[in-house]
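What the coordinates show
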Amino acid sequence: MAQNDTVMVLKMNDGSRMPAVGLGTFAPNGSVQKCDCVKAVKYAIEIGYRHFDGAFFYGNENEVGEAIREKIKDGTVKREDIFYTGKLWCTYLRPELVRKGLEKSLKSLQFDYIDLFIIHWPVPLQPGDDLYPKNESGELYDNVDLLATWEALEACKDAGLVKSIGVSNFNARQLGKILNKTGLKYKPVCNQVECHPYLKQEKLLEFCKSKDIVLVAYSPIGSSRDPKWVDQSTPFLLKDPQLISVAKKYGKTVAQIAIRYLLQRGIAVIPKSFNFGRIKENFQVFDFTIAEEGMKLINSIPIKTRYVNVFTDYPDCPFLDEY
């Protein structure tokens, strides 16, 4: 991990560099007005963010792209300064549909290329215009060889439509299938998964580091607790007494401690917010270091919980394995 002005940067296995702190742009259930999404991304760029995490599934790539283009137009940044992560939704995992899924994002963003494009979930859904379409038999899941999906992503990289390719929500076994693929042209540069002090992902992190794959943490400060996919009985990360004690010692917020904890483990983080105050707070994590004692205290937190529990009825759900 290198220090570059005020932000940390992670070098990926293809030579590209990922800013270690990005802004997540997921807005559940249309909870954020489109104009507020534009304002939030523009503000984030103004205070130093250069990494933005989006997805076709989020339904707001038009607005994220608009904000980035406006800040390029006014001279605040150049396109090459921005690192944008997009995601291939599950209805586009058939190899013949991969480029179509990518081009939908490119069109919405009005970009010539995407910096990092990743498979959103290792869970093929039936193709269709809806996010969760079903075929004539009422089946939601599709039968797709993800190795063929990966080959199609490699072709998108060769075509110059994406700079880097990776995965999200893969367990080590699923990731290993790609790594062991005959004729593999490009390794995944990252695996984006839920990771925070209540889901430390020690074994998956060790596996990814051994393969020179960056682990990227979504929900690094816990979840927005959307009842559609979060058990409302799960504990609140930001109210954890051990995290609170570390935060008091450093004069920081619990969110800043949770983010810094992951950064010091070599993990990239993409906290989501559309609130200007929290966007700024989540970025003010480069002026201190948690001492070994504090890291050990956080490591000792016994709670283990996963906030985002979806596709659990899929036969090869990534969460069925230990890691």
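First things first, this report covers the structure right here in the doc. These numbers come from a predicted model, not from an experiment.

Definitions and limits used
Residues numbered from 1 in each chain as written. Predicted model: local features only at pLDDT ≥ 70, side-chain atom pairs only at ≥ 80, totals over all residues. Heavy atoms only, no water. Axes fitted to C-alpha atoms, helices over the stretch in contact; angles between N-to-C directions. Helix = DSSP H or I, 4+ residues; strand = E, 2+ residues; numbered from the N terminus. Parallel < 35°, antiparallel > 145°, perpendicular 65-115°, else oblique. Contact = heavy atoms within 4.5 Å. Nonpolar A, V, L, I, M, F, W, Y, C, P; charged D, E, K, R; others polar. Salt bridge = Lys/Arg side-chain N within 4 Å of Asp/Glu carboxyl O. Buried < 20%, exposed > 50% of the residue type's maximum accessible area, 1.4 Å probe, protein only. Pairing = 2+ DSSP bridges. Phe/Tyr/Trp six-rings, centres within 6.5 Å; stacked < 30°, edge-to-face > 60°. Lys NZ or Arg CZ within 6 Å of the ring centre and 35° of its normal.

Orientation of helix 2 (residues 61–73) relative to helix 3 (residues 95–109), taken along the N-to-C sense of each, is 50°, at an axis distance of 7 Å. Between helix 2 and helix 3, the angle is such that the two are oblique. Across the interface between the two elements, Glu61, Asn62, Gly65 and Arg69 from helix 2 touch Ser105, Ser108 and Leu109 from helix 3. Per-class residue counts for the contact of helix 2 with helix 3 are one nonpolar, four polar and two charged.

What follows is about the pattern of salt bridges. Applying the stated criterion across every chain, the model contains 17 salt bridges. In this structure, Lys42 and Glu70 form a salt bridge, with 2.7 Å as the shortest nitrogen-oxygen distance. Taken together, the positions of Lys42 in helix 1 (residues 34–47) and Glu70 in helix 2 put the pair 28 residues apart, joining distant regions of the chain. Exposure remark for Lys42: the relative accessible area of 24% places this residue in the partly exposed category. Of the residues examined, Glu70 reaches a relative accessible area of 30% and is grouped as partly exposed. Between Lys71 and Glu46 there is a salt bridge; the shortest N-O distance is 3.0 Å. One end of the pair, Lys71, is in helix 2; the other, Glu46, is in helix 1, and 25 residues separate them in sequence. Glu46 sits in the partly exposed class, given a relative accessible area of 49%. Here the salt bridges share partners, and the residues they tie into one network are Glu46, Lys71 and Asp74.

Another point: the sheet that holds strand 6 (residues 83–88). Here eight strands make up an open sheet; going across it, the order is 4-5-6-7-8-9-10-11 and the pairing parallel. Edge strands, defined here as strands with exactly one partner in the open sheet, are strand 4 (22–24) and strand 11 (268–269). Strand direction decides the pairing type here: strand 10 (residues 214–218) and strand 11, joined by two bridges, are parallel. By the bridge assignment, Val216 is partnered in strand 11 with Ala268. Sheet contacts for helix 4 (residues 146–158): strand 6, strand 7 (114–119) and strand 8 (162–168); angle to strand 8, the most-contacted strand, approximately 160°.

Turning to the packing of aromatic side chains, a few remarks are in order. One pass over the structure, following the stated rule, counts 17 aromatic pairs. On the numbers, 5.0 Å between centres and 45° between planes, the contact of Phe26 with Tyr58 is tilted. A residue pair is termed long-range when its members are at least 10 positions apart, and Phe26 in the loop between strand 4 and helix 1 and Tyr58 in the loop between strand 5 (51–53) and helix 2 qualify at 32 residues. Take Phe26 and Tyr58: they sit in the same class, and that class is buried. Between Tyr141 and Phe311 the ring centres are 6.4 Å apart and the planes differ by 65°, which places this aromatic pair in the edge-to-face class. With Tyr141 in the loop between strand 7 and helix 4 and Phe311 in the segment after helix 10 (292–299), this pair connects stretches of sequence that are 170 residues apart. When the ring centre of Phe236 is taken as reference, the NZ or CZ atom of Lys239 above it lies at 4.7 Å. Positioned above the aromatic ring of Phe319 is the side chain of Arg306, whose terminal nitrogen or guanidinium carbon lies 3.8 Å from the ring centre.

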